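Letter by letter, the chains look like this.
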Amino acid sequence: MTRNEAEVRSQKVEELRSLGIEPYPSQSYRRSHTTQEVSAIFTKPEKELQDGETDPEELSIRLCGRITSKRDSGSIGFIDLTDATGKLQLKIEKKLVQGDPGLSFKQIKKLLDIGDFIGAEGIACRTNRGELSLQVRELTVISKATIPFPDLYYGVENPETRRRYREMDLAGNPDSLKCFAARSSIIKTVRSYLYGEGFDEIETPVLQAIYGGAAARPFVTHHNALDVDLYLRIAPELFLKRAICGGFERVFELGRVFRNEGVDSTHNPEFTSLEVYQAYADYFGILGVVEEVICTAAASLLGDKTDIEYQGDTISLKRQYDHSGKYPTFAGLHWQVKTMVEVVKEETGLDFETLDLEQGIQEAEKLGLTLSDLEKQSAGYLLYAVFDKVVVPTLVQPTFVIDFPVEVSPLAKGHRSKPGFVERFELFIHGTEYANGFSELNDPKEQQKRFEQQRSQKDAGDDEAHPMDEDFIQALSLGMPNCGGMGIGIDRLAMLLTNTQSIRDVILFPTMRPIQDS
């Protein structure tokens, strides 16, 4: 019976040990350079090597990384060593690699495989074919891989496998590794920007006795010692605003939130959210912070480029609209800003400034919409339903939609001049929501009234209605200055800036259905 590759690799582990070579050594490996640093050194004009030449200065170089290609040719072997910065060829000659210390040429040839981690010491050279390489003098095994390594040409193609076994995806798909490195860069840039603007990063509870800050169903868990049910947070909002009540003026939190909802291309039950709150600001002030965060993150990856490709469309991140004529305090150039009533009228012809509820329902149904009892309950619910179902998919270029109905915005301050509306915005790009924010409601009596209205909605069957939070009411009663707040989905931002279609391909280990035992 032919042994499979995993069995052969496992046998090599035992053979290494029988030779007194530990395939998983404890001691650290001291690297002197990365592969990228070696390439940078020997592409300088004064260091450039000719074909067939070795480094005349014999600079000792110690590299470590993973074998991603291995080729044997008589008394010479070649290995591609890949680390986090790039790849470099190792040139291994039988006459130079004797073993003790390290592996012998024969042991390298017989006992090492693609996927193994190794350390190599030597000097730079350029092969007769012109490839910059490391002329190896000593090679050490760092970790032996015992299952087959993904094919580097085809990668891991099955999406289910890529998401469930992300380590294989990263190892076999360089583009996937770049995507997650870009995500890391986005997060570092966002934090750096906010620190530079004087925001304090604070931490709020993940386990909460009362969930709040968003319209979503929570995950429930039980604390055995206290014998109480707790909820995984659906948003950190209320605790961040309590910090503003206590005296902080600029705060943010970047972390995981959890919503017990379905999984699709833009939703994962566990995702990363950025929430930002700024005292003495309104929704126009915090809207500008949203633009700055996204544009700064984009610049960190794309430089000065403002036109980006996303799923076949060109998205312009250039801020080119002057809204100061309509909104005098909103100076400078920005993305498009329109009220919800305006975008609904432009797309459907329905004017919610003049329609009464009965007329609105009839006109909405003529558009082919199937409306729930809740959506027929008031003009505000109806307006939002038409906007969400008809208008949102048409918003391709960055557009802030402002002035939402009060019915769907229990935490936002009432509009300064439009009864029935609140000072809230959402940012849409390519038919998807990317940010949500508002002038924060800071009147404790009005907030309590809103919570009571939400409780009535919950009793009427709205599973995502906001619960009453007496502690938050008390915090507002202590006093909170006028405040602008916003939230950005970091995963969706990573999707946009890396041109990735599914949220599960920018979350390193997304939620997956468990594999059922056969």
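Residues numbered from 1 in each chain as written. Predicted model: local features only at pLDDT ≥ 70, side-chain atom pairs only at ≥ 80, totals over all residues. Heavy atoms only, no water.

## A word on the layout of surface pockets
Phase 1: Estimated volume of the second largest pocket: approximately 760 Å³.
Phase 2: Arg66, Thr82, Leu170, Ala171 and Leu177 are the residues nearest the centre of the second largest pocket, which is lined by 27 residues in total.
Phase 3: Of all the secondary-structure elements, those providing two or more residues to the lining of the second largest pocket are strand 1 (61-73), strand 2 (76-83), strand 3 (86-93), helix 5 (166-172) and helix 6 (174-196).
Phase 4: Counting residues per element, the lining of the second largest pocket draws most heavily on strand 1, at five residues.
Phase 5: A class-by-class count of the residues in the lining of the second largest pocket yields 14 nonpolar, seven polar and six charged. (1 Å grid on protein atoms, 1.4 Å probe; cavity = no way out; pocket = protein on both sides within 12 Å on 5 of 7 lines; lining within 4 Å. Points joined across faces, edges and corners; volume = space filled by probe spheres on them. Helix = DSSP H or I, 4+ residues; strand = E, 2+ residues; numbered from the N terminus. Nonpolar A, V, L, I, M, F, W, Y, C, P; charged D, E, K, R; others polar.)

## Remarks on the domain arrangement of the protein
Phase 1: Here the domain parsing of the protein yields domain 1 (5-149), domain 2 (172-335 + 422-439 + 480-505) and domain 3 (338-396).
Phase 2: The C-alpha centroid of domain 3 is placed 65 Å from the C-alpha centroid of domain 1. (Domains from an automatic or database assignment.)

## What to know about empty space enclosed by the protein
Phase 1: Across all of its chains, the model carries one cavity of 30 Å³ or more by this definition.
Phase 2: Around the largest cavity sit Lys70, Arg71, Asp72, Gly77, Phe78, Ile79, Ile92, Phe105, Ile108 and Lys109, which together line it.
Phase 3: For the lining of the largest cavity, the secondary-structure elements that each account for two or more residues are strand 1, strand 2 and helix 3 (105-111).
Phase 4: A class-by-class count of the residues in the lining of the largest cavity yields five nonpolar, one polar and four charged.

## What to know about helix 9 (residues 340-348)
Phase 1: Every buried residue belonging to helix 9 is among Met340, Val341, Val343, Val344 and Thr348, and all of these are buried. What you see down the axis of helix 9 is that its buried residues fit within an arc of 170°, all on one side.
Phase 2: Residues of helix 9 that are buried in the fold lie against strand 16 (336-339), helix 11 (379-391), strand 17 (399-405) and strand 18 (421-429).
Phase 3: Of the residues flanking the end of helix 9, it is Gly349, one or two places downstream, whose phi is positive at about 85°. (Buried < 20%, exposed > 50% of the residue type's maximum accessible area, 1.4 Å probe, protein only. Arc of directions from axis to C-beta. Contact = heavy atoms within 4.5 Å.)

## Some thoughts on unusual backbone geometry
For residues other than glycine, phi is negative in most cases, and the peptide bonds are mostly trans.
Phase 1: Residue Pro101 is bonded to the preceding Asp100 through a cis peptide linkage, with omega at 10°.
Phase 2: Tracing the backbone shows Pro101 in the loop between strand 3 and helix 3.
Phase 3: Phi angles above zero are rare outside glycine, and Glu58 is one such case at about 50°.
Phase 4: Topologically, Glu58 is positioned in the loop between helix 2 (35-41) and strand 1.
Phase 5: Unlike most non-glycine residues, Asn499 shows phi in positive territory, near 55°.
Phase 6: Locating Asn499 in the fold gives a position in the segment after helix 14 (490-498).

## A short note on the pairing of strand 20 (residues 483-489)
Phase 1: Across the seven residues of strand 20, seven count as buried, placing the element largely inside the fold.
Phase 2: Bridge count between strand 11 (residues 270-279) and strand 20: seven bridges; the pairing is antiparallel. Within strand 20, the residue paired with Val276 across the bridge is Met486.
Phase 3: In terms of strand pairing, strand 19 (residues 432-439) meets strand 20 through five bridges, oriented antiparallel. (Pairing = 2+ DSSP bridges.)

## With respect to the sheet that holds strand 8 (residues 220-223)
What links the strands of a sheet is backbone hydrogen bonding, and the strands pair in either a parallel or an antiparallel sense.
Phase 1: Strand order in this open sheet of three strands is 7-9-8, and the pairing throughout is antiparallel. A single partner strand is all that each edge strand has here, and the edge strands are strand 7 (207-208) and strand 8.
Phase 2: Two elements, strand 8 and strand 9 (residues 228-232), share four bridges in a ladder whose sense is antiparallel. Paired with Val220 across the two strands is Tyr231, which belongs to strand 9.

## Considering the sheet that holds strand 5 (residues 132-143)
Phase 1: With mixed pairing, five strands are arranged side by side around a closed barrel as 1-2-3-5-4. With strand direction ignored, the average angle separating the axes of adjacent strands in the sheet is 50°.
Phase 2: Here six bridges tie strand 1 to strand 4 (residues 117-126), and the two strands are oriented antiparallel to one another. Among the inter-strand pairings, Leu63 is bridged to a residue of strand 4, identified as Ala120. (Axes fitted to C-alpha atoms, helices over the stretch in contact; angles between N-to-C directions.)

## Details of the packing of helix 6 against helix 14
When two helices pack together, you describe them by how their axes are tilted relative to each other and by the distance separating the axes.
Phase 1: It is the contact of helix 6 with helix 14, at a shortest axis distance of 10 Å, that shows an interaxial angle of 125°. Classified by the interaxial angle, the pair formed by helix 6 and helix 14 is oblique. For helix 6 against helix 14, the interelement crossing comes out right-handed. Taking contact as the criterion, the partners of Cys179, Ala182, Arg183, Ile186 and Ile187 in helix 6 are, on helix 14, Ile490, Asp491, Leu493, Ala494, Leu497 and Thr498.
Phase 2: Class assignment for the residues of the contact of helix 6 with helix 14 results in eight nonpolar, one polar and two charged. (Parallel < 35°, antiparallel > 145°, perpendicular 65-115°, else oblique. Left-handed = near helix turned anticlockwise from the far one by under 90°.)

## With respect to the packing of aromatic side chains
Phase 1: The tally for this structure, following the rule as stated, stands at 12 aromatic pairs.
Phase 2: For the ring pair Phe387 and Phe404, a centre distance of 6.3 Å and an interplane angle of 75° mean the geometry is edge-to-face. Within this pair, whereas Phe387 is found in helix 11, its partner Phe404 is found in strand 17, the two being separated by 17 residues in sequence. One exposure class covers both Phe387 and Phe404, and it is buried.
Phase 3: When the centroid spacing of 6.4 Å and the interplanar angle of 55° are considered together, the rings of Phe451 and Phe472 count as tilted. Taken together, the residues span a long stretch of sequence, with Phe451 in helix 12 (residues 444-459) and Phe472 in helix 13 (residues 470-478) at a distance of 21 residues.
Phase 4: Since its relative accessible area comes to 0%, Phe451 is described here as buried. (Phe/Tyr/Trp six-rings, centres within 6.5 Å; stacked < 30°, edge-to-face > 60°.)

## So, the pattern of salt bridges
Phase 1: Tallying each qualifying case throughout the model produces 37 salt bridges.
Phase 2: Among the ionic pairs, Lys326 bridges to Glu342, the shortest N-O distance being 2.3 Å. Taken together, the residues Lys326 in the loop between strand 14 (321-322) and strand 15 (333-334) and Glu342 in helix 9 connect sequence positions 16 residues apart.
Phase 3: Counted as one network, the salt bridges with shared partners bring together Lys12, Asp113, Asp116 and Lys144. (Salt bridge = Lys/Arg side-chain N within 4 Å of Asp/Glu carboxyl O.)

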